[in-house]
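Chain and residue survey
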Amino acid sequence: MGPRYVREVGWDGKLVNESYPWIERRIVHWPKIGPWQDALRKGLLQAGVSPFNGYTFDHLYGTKVGGTIFDESGYRSTAADLLQASNPRKLRVLLHATVQKILFNTQGQKPKAIGVQFKDELGNQHEVYLNQKTAASEIIVTSGAIGSPQLLILSGIGPKEDLERLGIKPILQNQHVGKQMSDNPMNSIFVPTKKPVKQSLIETVGITKAGSFIEASSGFGQSSDSIHCHHGIMSAEIGQLSTIPPKQRSLELARSFAQTKRAIPVEAFRGGFILEKVEGPLSKGQLTILNTDIETTPNVTFNYFSHPQDLRRCVFGIRTIEQILHTKSFADLSNIHNYSNDEVLRMSVQANVNFIPKHTNDTKNVEQFCRDTVITIWHYHGGCHVGKVVDRDYRVFGVDGLRVIDGSTLLKSPGTNPQATVMMMGRYMGVKILRERLGRAAGM
Ligand SMILES: Cc1cc2nc3c(=O)[nH]c(=O)nc-3n(C[C@H](O)[C@H](O)[C@H](O)COP(=O)(O)OP(=O)(O)OC[C@H]3O[C@@H](n4cnc5c(N)ncnc54)[C@H](O)[C@@H]3O)c2cc1C
């Protein structure tokens, strides 16, 4: 992450610089880049996204190869692997346990979080309480950008109208819970190749000064069968249908999607795609809780491209991708010289799996292309923003004994991809809390 981001968030730079390597040593690897990622690297440089900053975790303008959580054998590490650094005698992990509600003591001046109500993997109900003898005991919510605002609201911390509508006993009204959520729009151009290319996930990235990131992935549709059932990160099956507001998700749209899916251009998936992601979107949305059951996923609307700057950044990104496509590195690998720019854009519109009605005949209008083909890169964040719901130490305003430490607190998605920073936050805050509680005895 760049020093500017760290300054804006108000983190302690020294501790940040200690926390990233702590994560990196345990679960991050350097990828061996294959032909698609190498062509992107060269193409980005030829298109002016320079300099080449080499293999680096740093967020620098230009082109770089970042780290990966996949090792050479394809094993993917996760945050769960970090538990290896814990003391198992002091930790109890419950799998498939769902917290339904945070419990508060409302007798004092301020409500105090004292426990949680949860359901275990067998469906049995439990209530567990903090050790009241230790004043510093607290509950730390890490349910993510959708789960954390949902849990706060269901526990009585949220906008007045939501609490009233759902009949939830208010603990504290806060109009900002579940608000100002954003998701970085992702738009892709599908690139047919001369022959099937090796599968690759995002490894090479271009960081432009104009506020869009260029990345790529390849090798998802090696056969016509696989094309029709799975599109890698473009798959409807992994949540790519959520790009329009919930109320517009109708049965007709679902039918027309099913129809489109049968007619997806096979050649689009024979190669790979180059995507652009808008940095720090200014378009904002919100989360709406549908009922008091924690297992009902809330409605979330991100209002993609409602802010004109996001659209400008997308257009810039798509234009940059068009330049990359015509660089020698990509032309050698792809079949691109057989297609005009318009044809490539049209094919990309047809290959897209969102629910948005398409304008396949209007590919000259790149703004329209951006609106039509937007999907998520799953970097949604916000809902419990620092300064609105939590303070800079991630303590929930207005109550004691409760913090939220996860992607819901982020005003802007960090880096090109947020996961490393979200994990870093875990280590960073863990060390800070230990220092607060134990001082020098924390030994760190
Ligand atoms: C499909 C997909 C692909 C992605 N790819 C990348 C990538 O390549 N690179 C990258 O940097 N980022 C990627 N991301 C984004 C990254 O995973 C997230 O930004 C990051 O995981 C956010 O961390 P978090 O701790 O805020 O939330 P999460 O990782 O979502 O963790 C929240 C956890 O809380 C649990 N939870 C929620 N509610 C409750 C409850 N009531 N009780 C108990 N548990 C609960 C959830 O099950 C979940 O395990 C991807 C995300 C997705 C969905």
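Residues numbered from 1 in each chain as written. Predicted model: local features only at pLDDT ≥ 70, side-chain atom pairs only at ≥ 80, totals over all residues. Heavy atoms only, no water.

1. With respect to the sheet that holds strand 2 (residues 62–65)
Taking strand neighbours across the sheet as the criterion, the seven strands line up as 1-2-10-11-12-9-15 in an open arrangement whose pairing is mixed. On the outer flanks of this sheet lie strand 1 (52–55) and strand 15 (375–376), each paired with one strand and no other. Together, strand 9 (185–191), strand 11 (212–218) and strand 12 (272–278) form the strand contacts of helix 8 (residues 308–325), whose direction differs from that of strand 12 by roughly 150 degrees. (Pairing = 2+ DSSP bridges. Helix = DSSP H or I, 4+ residues; strand = E, 2+ residues; numbered from the N terminus. Contact = heavy atoms within 4.5 Å. Axes fitted to C-alpha atoms, helices over the stretch in contact; angles between N-to-C directions.)

2. Quick look at the UniProt feature "binding site: FAD" (unreviewed entry) in the protein chain
Within the UniProt annotation, "binding site: FAD" (unreviewed entry) is assigned to Val99, Trp378, His379, Gly407, Pro418 and Gln419. Sequence-wise these annotated residues cover 321 residues; spatially they are dispersed, their C-alpha atoms as much as 24.8 Å apart. Within the secondary structure layout, valine 99 lies in strand 3 (residues 98–105). Relative accessible area serves as the criterion here: at 31%, valine 99 is assigned to the partly exposed category. The contacts of valine 99, once residues within four sequence positions are left out, are Val116, Gln117, Phe118, Leu151 and Ile294. As for its placement among the helices and strands, glycine 407 is situated in the loop between strand 16 (402–404) and helix 12 (419–438). (UniProt positions renumbered as here; feature names shortened; annotations may be inferred. Buried < 20%, exposed > 50% of the residue type's maximum accessible area, 1.4 Å probe, protein only.)

3. So, a nonpolar patch on the surface
On the surface, Trp30, Phe52, Tyr55 and Phe57 cluster together into a nonpolar patch covering about 380 Å² of accessible area. Its location among the elements puts phenylalanine 57 in the loop between strand 1 and strand 2. (Patch = residues over 30% accessible without salt bridge, like charges linked within 9 Å, V, L, I, M, F, W, Y side chains within 5 Å. Areas by Shrake-Rupley, 256 points an atom, 1.4 Å probe, with all protein chains shown as cover. Salt bridge = Lys/Arg side-chain N within 4 Å of Asp/Glu carboxyl O.)

4. Let's talk about the side chain of glutamate 276
Considering the arrangement of structural elements, one finds glutamate 276 in strand 12. Leave out the neighbours within four places in its chain, and glutamate 276 touches Pro185, Met186, Asn187, Ser212, Phe213, Ile214, Arg313, Cys314, Gly317, Ile318 and Ile321.

5. So, the packing of aromatic side chains
Two aromatic rings are characterised by how far apart their centres lie and by the angle between their planes. A full pass over the atoms with the stated rule returns eight aromatic pairs. When the ring of tryptophan 30 is compared with that of tyrosine 55, the centres are 5.8 Å apart and the planes differ by 75 degrees; the resulting orientation is edge-to-face. Of the two residues, tryptophan 30 is situated in the loop between helix 2 (13–27) and helix 3 (35–46) and tyrosine 55 in strand 1; the sequence distance between them amounts to 25 residues. Overall, tyrosine 55 belongs to the partly exposed group, its relative accessible area being 41%. Consider the rings of tryptophan 30 and phenylalanine 57, whose centres lie 4.4 Å apart with planes at 10 degrees: the pair is stacked. Residue tryptophan 30 is found in the loop between helix 2 and helix 3, and its partner phenylalanine 57 is found in the loop between strand 1 and strand 2; the two are separated by 27 residues along the sequence. Among the aromatic residues, those joined into a cluster by ring pairs are Tyr5, Trp11 and Tyr428. Geometry around tryptophan 22 places arginine 26 over its ring, the cationic atom sitting 4.0 Å from the centre. Here the guanidinium or amino end of arginine 41 rests over the ring plane of phenylalanine 52, the centre of that ring lying 4.9 Å away. (Phe/Tyr/Trp six-rings, centres within 6.5 Å; stacked < 30°, edge-to-face > 60°. Lys NZ or Arg CZ within 6 Å of the ring centre and 35° of its normal.)

6. A look at the site of the ligand
Around the ligand, 15 residues are found, and the nearest of them are Val99, Trp378, Gly407, Asn417 and Gln419. At 3.2 Å from an oxygen atom of the ligand is found a main-chain nitrogen or oxygen belonging to proline 418. Within the backbone of glutamine 419, an N or O atom sits 2.8 Å from an oxygen atom of the ligand. Burial of the ligand by the protein chains amounts to 56% of its free accessible area of 1000 Å². Per-class residue counts for the shell around the ligand are six nonpolar, eight polar and one charged. (Near = heavy atom within 4 Å. Polar contact = N/O pair within 3.5 Å; in protein donor to acceptor, adjacent residues only side chain to side chain. Nonpolar A, V, L, I, M, F, W, Y, C, P; charged D, E, K, R; others polar.)

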